[in-house]
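Structural characterization, general
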Amino acid sequence: MSTAVLKTEVRLFRREPGAIFWILLFPTLLLVILGSIPSFRDHQADLGGLRTIDVYVPVAVLLGMIVGGLQSMPQTLTGYRERGILRRMATTPVRPSALLSAQMVVYGGAALASALLALAVGRLGFDVRLPKQPLGYVLALLLAVLAALALGSVVSALSRTTKIAGAIGSAVFFPSMFCVGVWLPTQSMPDLMARIVGYTPFGAAAQALNRAAAGHWPGWGHLGVLAMWILLLTGAASRWFRWE
């Protein structure tokens with residue numbers, strides 16, 4: 001990956017206030033809004049004694065990478081292809097693959113920064129405990145970022161125009177939000193539903209993060225599901241992606 005290409009992509013990303021807001025700030029803002037509801041700071045028996053705000057921290061952690069992977073990165077890459085930027089790069093010493101790598105670093109880094117911000121605000125603002133199994137939490141978080149980027153690459157590969165990228169990204173975005181527990185925390189899902197959701201990339205990520213936050217190892221089952229999705233999605237993106 002070219003350092004010059006990466007620096008350029010970072011500068012371009014910093015000029016996108018929409019991407020900065022939705023990836024970096026929106027998940028934490030949602031957490032602040034939910035934490036401001038008094039009942040969400042009360043311990044709930046149906047959540048195993050946790051507070052509602054406690055179970056929404058992993059949701060906020062995953063939300064930034066879902067937005068970045070499924071909405072922002074595919075639109076950017078498809079726009080580059082649509083405008084012929086990738087085709088022109090293929091004739092220079094800087095290969096298009098360098099741009100793809102830089103995009104993944106930029107949006108992956110933004111997703112991790114968003115996750116750290118959500119964890120910090122949850123801890124400082126609402127006394128949410130930091131993960132009791134930090135190593136397992138970091139491993140699950142990194143696998144989740146890779147899965148989001150791989151899924152975003154598939155969306156980019158299937159999209160000829162930015163409009164199509166937006167439509168496909170939105171079609172995958174809302175089910176992904178359900179799987180991480182935006183509308184119904186995974187702890188409150190019926191067993192069968194939670195088991196099914198656990199086979200999706202973000203459902204497995206949410207459950208792995210929840211276990212690590214509680215002090216348990218994320219579970220090789222959930223980590224294995226994430227690894228499987230990363231391999232499948234990366235293979236599909238490599239097969240279907242076109243530079244022109």
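Residues numbered from 1 in each chain as written. Predicted model: local features only at pLDDT ≥ 70, side-chain atom pairs only at ≥ 80, totals over all residues. Heavy atoms only, no water.

**As for the pattern of salt bridges**
To be explicit about the condition: Any carboxyl oxygen of Asp or Glu within 4 Å of a side-chain nitrogen of Lys or Arg constitutes a salt bridge here.
For the coordinates displayed, the defined rule picks out two salt bridges. Residues Arg51 and Asp54 are paired through a salt bridge, measuring 2.9 Å at the closest nitrogen-oxygen approach. Of the charged contacts in the structure, one is a salt bridge between Arg123 and Asp127, with a shortest N-O distance of 3.0 Å.

**Observations concerning empty space enclosed by the protein**
Convention followed: In this analysis, the protein atoms alone were mapped onto a 1 Å grid. Cavities are point sets where a 1.4 Å probe fits without being able to get out; pockets are open sets with protein on both sides within 12 Å along at least five of seven lines; lining residues have an atom within 4 Å of a point. Grid points are joined across faces, edges and corners, and a volume is the space filled by probe spheres set on the points. Helix and strand assignments come from DSSP, with helices taken as H or I runs of at least 4 residues and strands as E runs of at least 2, each series counted from the N terminus. Only Asp, Glu, Lys and Arg are considered charged in this grouping, and only Ala, Val, Leu, Ile, Met, Phe, Trp, Tyr, Cys and Pro are considered nonpolar; every other residue, Gly among them, is considered polar.
As enumerated under the stated definition, the model contains one cavity of 30 Å³ or more in all. The space that makes up the largest cavity amounts to roughly 30 Å³. Considering the residues around the largest cavity, the lining is formed by Val55, Pro58, Val59, Val180, Pro185, Thr186, Gln187, Ala206 and Asn210. Going through the elements one at a time, α3 (52-82) and α9 (201-213) are the ones with two or more residues in the lining of the largest cavity. In terms of residue count, the dominant contributor to the lining of the largest cavity is α3 (three residues). When the residues that make up the lining of the largest cavity are grouped by side-chain class, the tally is six nonpolar, three polar and no charged.

**A closer look at the layout of surface pockets**
The calculated volume of the largest pocket comes to roughly 420 Å³. Together, 21 residues line the largest pocket, and Leu50, Asp54, Val128, Arg129 and Ala213 are the ones closest to its centre. Broken down by secondary-structure element, the contributors of at least two residues to the lining of the largest pocket are α3, α5 (96-126) and α9. With four residues, the top contributor of residues to the lining of the largest pocket is α3. As a volume, the second largest pocket reaches approximately 350 Å³. Elements with a contribution of two residues or more to the lining of the second largest pocket: α1 (3-14), α2 (17-35), α3, α5 and α7 (162-180). For the lining of the second largest pocket, the element with the highest residue contribution is α3, accounting for six residues. In terms of residue class, the lining of the second largest pocket is built from 11 nonpolar, six polar and two charged.

**Quick look at the side chain of Thr186**
As a reminder of what qualifies: Summary of the burial criterion: residues with accessible area below 20% of their type's maximum are buried, those above 50% are exposed, and those between are partly exposed, where the area comes from a 1.4 Å probe applied to protein chains only. Any N or O atom pair separated by 3.5 Å or less is treated as a polar contact, with the protein-specific requirement of one donor-capable and one acceptor-capable atom, and with residues adjacent in sequence counted only for side-chain atom pairs. In what follows, residue pairs with any heavy atoms lying within 4.5 Å of each other are defined as contacts.
When you line up the elements, Thr186 lands in the loop between α7 and α8 (191-197). Assessed through its relative accessible area of 9%, Thr186 is described here as buried. Here Gln187 takes part through its side chain, which lies 3.4 Å from a polar atom of the side chain of Thr186. Among the polar contacts listed, one links the side chain of Thr186 to the side chain of Asn210, at a separation of 2.9 Å. Residues within four places of Thr186 in sequence aside, it is in contact with Cys179, Val180, Gly181, Ala194, Ala206, Gln207 and Asn210.

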